Amino acid sequence: QEQVSRLVLALVARAEAPVPPGGHPENISKAFMLVLRLQRQFGEDIGIFSVFFLNFVEMTVGDCLYMPQNTPHAYLSGDIVECMACSDNVVRGGLTPKFKDLDVLCEMLVYKGGTPPSITPETIEPGMLLYSHAELDEFQVTHIQLKRGRTKRFCFSGQGPSLGFAWRGIGLLTVSDEKTRLD
């Protein structure tokens, strides 16, 4: 940990150093900004070095990424919906106070570069989007947006387990005559 702390602090010093004439390439500027942010948030954590080998993706409302199994990823801020398989194999490598199993992480990772695959939603009907992917027979997200005072009837039963929640406002979810208030 002492060596990691020393190296992180050296990286932070480099990120805080005056910008050379002509500036840094945009990806280096973003990486240095992220190094400083993560060091403020997590201290001298080894995960800070991940900014140089992971994709940094800034998402907006409605964006969807697909992370294949054994693909390292980190969620840094904002509100998201994350769907993942039921398993006991969450392996952490940094940016957390929880246990980090670096040996298992290095063994299981798929070392493949490139842009993470995105999922473009399919419009089922106005106000209803379906996020799905051919490789994901166990997952899909249906985004239903209702105007105030409107109702929507939709059957999820043939599509596996379902979860409903209200992002903004309130709602009433009825499943098999059981009503649940969403707020």
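Residues numbered from 1 in each chain as written. Predicted model: local features only at pLDDT ≥ 70, side-chain atom pairs only at ≥ 80, totals over all residues. Heavy atoms only, no water.

A. The sheet that holds strand E2 (residues 128-131), seen in detail. Pairing is antiparallel in the open sheet, where 3 strands are placed in the order E1-E2-E3. Here the strands that pair on one side only, and so sit at the sheet edges, are strand E1 (122-125) and strand E3 (141-144). Taking each pair of neighbouring strands and ignoring which way they run, the sheet shows an average axis angle of 25°. One ladder, built from 4 bridges, connects E2 with E3; its direction is antiparallel. Across the sheet, Met 128 pairs through a bridge with Ile 144, a residue of E3. (Pairing = 2+ DSSP bridges. Helix = DSSP H or I, 4+ residues; strand = E, 2+ residues; numbered from the N terminus. Axes fitted to C-alpha atoms, helices over the stretch in contact; angles between N-to-C directions.)

B. Broad picture of helix H2 (residues 26-42). Here H2 contains 17 residues, and its C-alpha end-to-end distance of 24 Å stays within 8% of the 24 Å for a straight helix at 1.5 Å per residue. Those residues of H2 not exposed but buried are Ala 31, Phe 32, Leu 34, Val 35, Leu 36, Leu 38 and Gln 39. Residues of H2 that are buried sit in contact with helix H1 (2-16). Following H2 by one or two positions, Gly 43 adopts a phi angle in the positive range, close to 70°. (Expected span 1.5 Å × (residues − 1). Buried < 20%, exposed > 50% of the residue type's maximum accessible area, 1.4 Å probe, protein only. Contact = heavy atoms within 4.5 Å.)

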